[in-house]
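The residues making up each chain are set out below.
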Amino acid sequence: MSVIRFFVAAYITPMKQNILLVIVCICLMLLPFLLIKDRVKEKAAPEVVPETEVDCPIEIEVKGVKEKIPLETYVLGVVAAEMPITFHEEALKAQSIAARTYVLRETDYGAKSIDKTVQKQVYVGPEERKKRWGASFEEYEKKLQKIVASTEGEIIVYKNQLITAMFFSTSNGQTESAENYSGYAIPYLVSVPSEKEEQFSNKMKQKFEFTSKEWSDTFKMKWSNNIGGTVKIERTDSNRVKSVEMNGKSWTGREIRTLLGLPSTDFSIAFQNDKVVVETIGYGHGVGMSQYGAEVMANDSTKAHDILLHYYTGTEIKSFSPCLKSP
């Protein structure tokens with residue numbers, strides 16, 4: 001403050017000095033509040049994908065495959081593996097965009113490798129596609145090349161960030177939320193309707209039978225005719241099993257699905273004398289885009305972008321430069 005007074009005294013008249021000093025003091029008092037306001041704005045602002053150059057063109061390293069695969073070629077191989085080639089082209093386009101988004105996020109734009117399993121994304125190369133499609137290979141390959149090319153560079157973002165574009169086969173009429181599935185809420189992975197899939201999917205309802213020995217061995221408990229009376233099932237709001245209590249022990253729905261090799265966590269359990277009958281609805285974890293749900297929507301004249309925006313709540317479809325990380 002003494003430096004300010006010296007400057008003011010040297011160059012400004014006494015009356016103007018007092019006025020200027022008052023203004024300076026007020027500004028100094030308000031400065032901390034102005035800085036705090038700026039910090040709050042900065043903290044609340046959504047992060048953006050940094051405009052950092054990456055290797056161009058982007059290539060994907062798939063575990064078990066000798067050479068890296070160009071991004072769009074990889075996407076074609078994923079769509080071929082993950083969705084029936086006979087699906088409507090709008091459903092296949094939606095799968096292409098979801099697959100591209102998933103791998104770019106999972107590999108950090110090609111910087112890391114990815115598995116070709118159902119835990120990540122299944123990928124099949126040209127030779128595998130030839131075996132799968134046989135005499136229809138050329139026809140299907142051209143169809144898929146055209147579809148993937150029409151979506152080139154398109155990705156799904158939430159607040160300008162690549163999403164985790166989870167998808168699965170068949171819904172039970174409602175998708176599952178990420179929070180119910182994993183315990184962690186993700187704003188774009190919430191439960192949404194996904195109906196009429198039985199029109200296209202043969203995986204909607206399935207039945208499995210287990211002997212009393214298989215059941216008792218699986219759950220490591222002594223079999224008795226009273227086991228059925230001890231079963232209590234808690235369900236999520238999408239009607240999938242959240243937890244099962246049986247004979248004083250408890251399991252999550254996901255644990256039961258794994259133990260019994262079930263296709264879905266929407267299941268019912270019926271005890272019949274010396275056997276157990278389990279009936280399931282749907283196929284897959286239920287989070288994100290239902291592939292057969294996408295097929296239903298596509299056949300109802302819904303475009304690929306609208307299919308994706310339905311299953312990934314609050315997201316946007318953007319195009320990105322293959323040599324930059326920014327959409």
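Read on for a plain summary of the structure.

Calculation notes
- Residues numbered from 1 in each chain as written.
- Predicted model: local features only at pLDDT ≥ 70, side-chain atom pairs only at ≥ 80, totals over all residues.
- Heavy atoms only, no water.
- Helix = DSSP H or I, 4+ residues; strand = E, 2+ residues; numbered from the N terminus.
- Buried < 20%, exposed > 50% of the residue type's maximum accessible area, 1.4 Å probe, protein only.
- Contact = heavy atoms within 4.5 Å.
- Areas by Shrake-Rupley, 256 points an atom, 1.4 Å probe, with all protein chains shown as cover.
- Core = buried A, V, L, I, M, F, W, Y, C linked by side-chain atoms within 4.5 Å.
- Pairing = 2+ DSSP bridges.
- Axes fitted to C-alpha atoms, helices over the stretch in contact; angles between N-to-C directions.
- Salt bridge = Lys/Arg side-chain N within 4 Å of Asp/Glu carboxyl O.
- Parallel < 35°, antiparallel > 145°, perpendicular 65-115°, else oblique.
- Left-handed = near helix turned anticlockwise from the far one by under 90°.
- Nonpolar A, V, L, I, M, F, W, Y, C, P; charged D, E, K, R; others polar.

The helix and strand tally for the protein chain stands at 12 helices and 13 strands. Expressed as a percentage of the 327 residues in the protein chain, the buried residues total 42%. Residue pairs in contact within the protein chain that sit at least 24 positions apart in sequence constitute 67% of those at least 6 positions apart. Of the roughly 18300 Å² of accessible surface on the protein chain, a fraction of 53% belongs to carbon and sulfur atoms.

Y74, L104, I156, M289, L308 and Y312 are the most contacted members of the largest nonpolar core, which has 60 residues in total. Counting only elements with at least two residues in this core, the list comes to α3 (71–82), α4 (89–107), α6 (137–150), β3 (154–158), α11 (291–299) and α12 (304–311). Those residues in contact with I156 that sit more than four places away from it in its chain are I97, A98, T101, Q161, L162, I163, A165, L308, Y312, T315, E316 and I317. One finds W215, M221, M246 and L262 within the second-largest nonpolar core, a separate group that totals 16 residues.

Our next topic: the sheet that holds strand β11 (residues 275–281). Within the open sheet, the three strands sit side by side as β6-β11-β10. Their pairing is antiparallel. The sheet is open, and its two edges are formed by β6 (205–211) and β10 (267–272), each paired on a single side. Strand-to-strand, the axes of this sheet are offset by a mean angle of 20 degrees, without reference to chain direction. Bridge count for β6 against β11 is seven bridges, and the pairing is antiparallel. Bridging from a neighbouring strand, K205 pairs with I281 of β11. Docked against the sheet, helix α8 (residues 212–219) engages β6, β10 and β11, running at close to 90 degrees with respect to β6.

The next subject is the pattern of salt bridges. All chains considered together, the criterion is met by 10 salt bridges. A salt bridge links K213 to D217; the nearest nitrogen and oxygen atoms lie 2.7 Å apart. Here K213 and its partner D217 are both found in helix α8, four residues apart, which amounts to about one turn of the helix. The partner of K242 in a salt bridge is E234, and the shortest N-O contact between them spans 3.8 Å. According to the relative accessible area criterion, K242 is partly exposed, its value standing at 47%. Exposure remark for E234: the relative accessible area of 42% places this residue in the partly exposed category.

This brings us to the environment of F168. Here F168 is to be found in strand β5 (residues 167–168). Residue class for F168 comes out buried when judged on its relative accessible area of 3%. In this structure the C-alpha to C-alpha distance between F168 and G284, which are 116 residues apart in sequence, comes to 5.2 Å. Look past the residues within four positions of F168 in its chain and what remains in contact with it is T175, Y283, G284, H285, G286, V287, G288, M289, S290 and Q291.

The next subject is the packing of α3 against α4. Describing two packed helices takes the angle between their axes plus the distance from one axis to the other. Running from N to C, α3 and α4 point in directions that differ by 120 degrees, and their axes come no closer than 9 Å. When the axis of α3 is compared with that of α4, the two are oblique. Of the two elements, α3 crosses α4, and the hand of that crossing is right-handed. Every residue of α4 that contacts α3 at L71, E72, Y74, V75, V78, V79 and E82 is listed here: L92, Q95, S96, A99, R100, V103 and L104. Within the contact of α3 with α4, the residues separate by chemical class into nine nonpolar, two polar and three charged.

On to the sheet that holds strand β9 (residues 249–252), then. Reading across the sheet, the three strands line up as β7-β8-β9 and stay open at both edges, with antiparallel pairing between neighbours. The open sheet terminates on both sides in strands that have one partner only, identified here as β7 (232–235) and β9. For this sheet, the mean inter-axis angle between neighbouring strands, taken without regard to orientation, is 15 degrees. Of the strand pairs in this sheet, β7 and strand β8 (residues 241–246) are connected by four bridges, and their pairing is antiparallel. Considered in β8, the bridge of E234 is made with S243. In the packing of helix α10 (residues 253–260) onto the sheet, contacts are made with β8 and β9, and the angle to β9 comes to roughly 90 degrees.

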